[in-house]
Amino acid sequence: MNPQAKLIFTISLLLGTTITISSNHWIMAWAGLEINTLAIIPLISKSHHPRSIEAATKYFITQATASALVLFSSMTNAWYTGQWDITQLTHPTSCLILTSALAMKLGLAPFHFWFPEVLQGSQLTTGLLLSTVMKLPPVSLLFMTSHSLNPTLLTCMAILSTALGGWMGLNQTQIRKILAFSSMSHLGWMTIIISYNPKLTLLNFYLYMLMTTAVFLTLNTIKASKLPTLTTAWTKAPALNAMLLLTLLSLAGLPPLTGFLPKWLIIQELTKQGMTMAAVSISLLSLLGLFFYLRLAYCSTITLPPHTTNHIKQWHTNKPTHSSIALLTTMSTALLPISPLITTII
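All of these numbers come straight from a predicted model, not from anything done at the bench. (Residues numbered from 1 in each chain as written. Predicted model: local features only at pLDDT ≥ 70, side-chain atom pairs only at ≥ 80, totals over all residues. Heavy atoms only, no water.)

Caption draft 1: View of unusual backbone geometry. Here the amide bond leading from Ala109 into Pro110 is cis, since omega sits at 5°, within 30 degrees of zero. With respect to the element layout, Pro110 can be found in the loop between helix H4 (92-106) and helix H5 (114-121). Cis geometry marks the peptide bond from Pro255 to Pro256, where omega comes out at 5°. For Pro256, the location among the structural elements is in the loop between helix H12 (238-252) and helix H13 (260-272). Even without being a glycine, His48 presents a positive backbone phi close to 60°. For His48, a relative accessible area of 66% corresponds to the exposed category. Backbone geometry at Lys223 places phi at a positive 55°, although glycine is not the residue there. Note on placement: Lys223 falls in the loop between helix H10 (198-222) and helix H11 (227-231). For Lys223, a relative accessible area of 55% gives the class exposed. (Helix = DSSP H or I, 4+ residues; strand = E, 2+ residues; numbered from the N terminus. Buried < 20%, exposed > 50% of the residue type's maximum accessible area, 1.4 Å probe, protein only.)

As structure tokens, then:
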């Protein structure tokens, strides 16, 4: 792709995200979402592979439907209450439509079907944008309207999302699809707590962005897109692969790594709110996700899978790891000791 065109699309992405996050009016928020959607589509389809074109088409149809629902929800609320302010969403029908629209934007169950397919059809760098930056505007809208949305509906969607994210990721061999189902599972954790403590949702989202960025950039460095490729990548960059193991376990939420912090705080808050059964359910369902994270970690660092097929080993490279990957990986694994500081900030 032409560098100038790529620069324009990247600036448009940042512009759309900034407009949506900083807006108070529903029309401005909608315009920011549209700018975002139109900027990412050329980046998805830039390889001109049929699968990329299919992914871009699916993404466009889904996001256009979700944007139309956001507009419909805000217009319905304005019709009944006369308010266009994002925080003044009070009509029950508008709240229901908006919940569906934002779930579709985020890839939250039961509106999740497009996300794994789109991520599979994209390159790793575009997949990183889809998993992190593109989720920022819908999460910010969810944050601003959290006091109006139905907590029971959000809890049911969150538990369903965590369950489906775990189950559907079990038999995958494509790493991008595994990371898509991982994203669904994490979104379940963010959604379940947003009605009770929205700041915890933002903390979870920021740490999820941090860990996912580290994983995607590492995979992009070692050029691994499926499990068989990952099994031979340890010859190329052994130290990077060893850190990938820790980052994946952090993404799974194992102590004493960074990913344990949001899960710990969310379970604590759910218990305070008297939602012990929801806390137990979502904790047990996250064990499904732990299985495929462990499989990724096993393939990346510990050993080759037990079969007789000869694999071509990749050449060991002496090229130093990029400093951004080193910093992100360190933060993805070592932030738990400063959790008291993080909790005082939020």
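Caption draft 2: Up close: the UniProt feature "domain: NADH:quinone oxidoreductase/Mrp antiporter transmembrane" (unreviewed entry) in the chain. Here, the residues flagged by UniProt with the feature "domain: NADH:quinone oxidoreductase/Mrp antiporter transmembrane" (unreviewed entry) are residues 23-288. The annotated region residues 23-288 carries 75% helix and 0% strand content, and the separation between its end C-alpha atoms amounts to 38 Å. (UniProt positions renumbered as here; feature names shortened; annotations may be inferred.)

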